[in-house]
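# Summary of structural features
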Amino acid sequence: MLATVIENESVRCIHRPDPVPMTREVLVRVEAAGVNGADLLQRRGRYPAPADAPPDIPGLEFAGEVVALGPATSRFAVGDRVMGLVGGGAQAELITVHERVAMPVPAGLDWVAAGALPEIFSTAFDALFGQAHLQPGERVLVNGGAGGVGTAAVQLAAWAGATVVATVRRPELAERVASLGAVTVVAEVGDRQAEEHGPFDVVLELVGAANLPNSLRWLARGGRVCMIGVGAGAKAEVNVLHLMSARGTVHGSTLRSAPLESKAALARDVERHVLPGFEQGRLAVHVDATFPLADVHDAYEHFAAGGKFGKVVLTMS
Ligand SMILES: NC(=O)c1ccc[n+]([C@@H]2O[C@H](COP(=O)([O-])OP(=O)(O)OC[C@H]3O[C@@H](n4cnc5c(N)ncnc54)[C@H](OP(=O)(O)O)[C@@H]3O)[C@@H](O)[C@H]2O)c1
């Protein structure tokens, strides 16, 4: 198979042996695979793959067709359209994946959208509902609304009946994020522009720890902050009196290293609570750009340049 490989802090596409499915794995011919910030970090040698993933083939999500089955699988048949979240290895023509982390692709969803769905919608769903227990009528602040996870989180929170405020740093993207169901505020990390829209029951952090002092300051009573992305920095000095007086909670999580049990449980939650939104036309994957697998270097550079709305996706056919 052709696969993206990380070598000397760069990516290129080369031939690798085809993987073989183990007992409860399915072999998938990948049609599309999203690019994520974690891939760029791994390229720079700063985010090694977990033990259950290939060490040098990046890619945290895929969509494709099942082409072979391990001997003890039962969830899928050859020919099924599947997608899923993995610890690595998705940016290749073939991947083996435990059947419990694979999800059926909703009817009508094309390969590009399906290949870019698992990471952003699983992350946003787990943060907003699994961790922060967002309720209808609550007010949520999404910091980083124009990125992949941000575009998913705004849609999910709005669909759940929350009032959504989202920060974006590029004014030209504000209207597109607003069209997903949010009041948008143009702000760099650490800025105070969102304050007038608070206090917030939930803050989803996708940008950096420098937003945390303000997030705690603007927390409603019983409010929850969920730390998911810290690309703009992981350290901040906070006044914990703000947390205490709000009787607040700070959550955090990284999905990539989560055990199989957690990933499988999340996949079932996404199947039950998120995928129907695609079938009903309530949710969409917003794709900024697609690149053929052979141009993986250009795809990473496009992602790194910033200013995108939603996802960057590699296509294999
Ligand atoms: N914990 C987990 O399990 C998990 C899972 C998925 C993702 N993540 C992380 O969560 C973050 C968001 O993921 P994503 O896929 O949405 O990434 P993304 O598509 O790159 O989006 C990040 C957004 O943050 C904005 N941003 C970056 N630096 C900023 C700054 N200094 N001030 C204001 N805005 C800034 C970006 O704007 P520009 O385009 O203008 O730079 C972009 O709109 C990433 O750091 C990712 O690695 C974590």
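Quick caveat: nothing in here was measured; it's all calculated off a predicted structure.

## Things to note about the pattern of salt bridges
What the rule picks out here adds up to 14 salt bridges. Two residues, Glu301 and Arg43, come together in a salt bridge whose shortest N-O distance is 2.9 Å. With Glu301 in helix α9 (residues 296-305) and Arg43 in helix α1 (residues 37-43), this residue pair connects regions lying 258 residues apart in the sequence. Overall, Glu301 belongs to the partly exposed group, its relative accessible area being 36%.

## Focus: the pairing of strand β5 (residues 81-85)
Along any regular strand, the residues point their side chains to alternate faces of the sheet. Of all the five residues making up β5, four are buried; the element is thus mostly covered by neighbouring parts of the structure. Here five bridges tie strand β4 (residues 61-69) to β5, and the two strands are oriented antiparallel to one another. In the strand pairing of β5, Glu61 is matched with Leu85. Taken together, the three bridges between β5 and strand β7 (residues 102-104) define a ladder with antiparallel strand orientation. Within the sheet, the bridge partner assigned to Gly84 lies in β7 and is Ala102.

## Things to note about the site of the ligand
Taken together, the neighbourhood of the ligand is formed by 25 residues, with Arg170, Ser253, Leu255, Gly307 and Lys308 sitting nearest. A distance of 3.4 Å separates an oxygen atom of the ligand from a polar atom in the backbone of Gly147. A distance of 2.9 Å separates an oxygen atom of the ligand from a polar atom in the side chain of Arg169. Mapped by element, the contributors of at least two residues to the shell around the ligand are α2 (111-131) and α3 (148-159). Split into classes, the residues belonging to the shell around the ligand amount to ten nonpolar, ten polar and five charged.

## So, the nonpolar core
With 53 residues, the main nonpolar core has Phe121, Leu128, Val140, Val142, Leu156 and Phe278 as its most contacted residues. Of all the elements, α2 adds the most residues to this core, at eleven residues. Membership of the second largest hydrophobic core comes to 28 residues, among which are Ile6, Val28, Ala102 and Leu293.

## Observations concerning the confidence of the model for the protein chain
When pLDDT is averaged along the protein chain, the result is 97, and 100% of the positions lie at 70 or above. Here strand β2 (residues 10-15) stands out as the element of the protein chain with the lowest mean pLDDT, 96, in contrast to strand β11 (residues 200-205), whose mean of 99 is the highest.

## Quick notes on the packing of α2 against α3
At a minimum axis distance of 8 Å, the contact between α2 and α3 shows a crossing angle of 55°. Between α2 and α3, the crossing angle belongs to the class labelled oblique. Considering how the two elements wind past one another, α2 and α3 form a crossing that is right-handed. Between α2, through Ile120, Phe121, Thr123, Ala124, Phe125, Leu128 and Phe129, and α3, the contact on the second element is made entirely by Gly148, Val149, Thr151, Ala152, Ala153, Gln155, Leu156 and Ala157.

## Section: the sheet that holds strand β12 (residues 219-227)
The strand order across the open sheet built from six strands is β10-β9-β8-β11-β12-β13, with neighbouring strands paired in parallel fashion. Here the strands that pair on one side only, and so sit at the sheet edges, are β10 (183-186) and β13 (249-252). Put simply, the sheet's adjacent strands are angled 20° from each other on average, direction ignored. Pairing geometry for β12 and β13, over four bridges, is parallel. Paired with Arg224 across the bridge in β13 is Thr249. The sheet strands contacting α2 are β8 (139-143), β11, β12 and β13, and the helix crosses β11 at an angle near 150°.

## Some thoughts on the environment of Val101
Tracing the sequence through the fold places Val101 in the loop between β6 (94-98) and β7. Judged by relative accessible area, which is 7%, Val101 ranks as buried. Not counting residues within four places of it along the chain, the set of residues in contact with Val101 comprises Met83, Gly84, Leu85, Leu260, Lys263, Ala264 and Ala267.

So, how was this worked out
Residues numbered from 1 in each chain as written. Predicted model: local features only at pLDDT ≥ 70, side-chain atom pairs only at ≥ 80, totals over all residues. Heavy atoms only, no water. Salt bridge = Lys/Arg side-chain N within 4 Å of Asp/Glu carboxyl O. Helix = DSSP H or I, 4+ residues; strand = E, 2+ residues; numbered from the N terminus. Buried < 20%, exposed > 50% of the residue type's maximum accessible area, 1.4 Å probe, protein only. Pairing = 2+ DSSP bridges. Near = heavy atom within 4 Å. Polar contact = N/O pair within 3.5 Å; in protein donor to acceptor, adjacent residues only side chain to side chain. Nonpolar A, V, L, I, M, F, W, Y, C, P; charged D, E, K, R; others polar. Core = buried A, V, L, I, M, F, W, Y, C linked by side-chain atoms within 4.5 Å. pLDDT = per-residue confidence, 0-100. Axes fitted to C-alpha atoms, helices over the stretch in contact; angles between N-to-C directions. Parallel < 35°, antiparallel > 145°, perpendicular 65-115°, else oblique. Left-handed = near helix turned anticlockwise from the far one by under 90°. Contact = heavy atoms within 4.5 Å.

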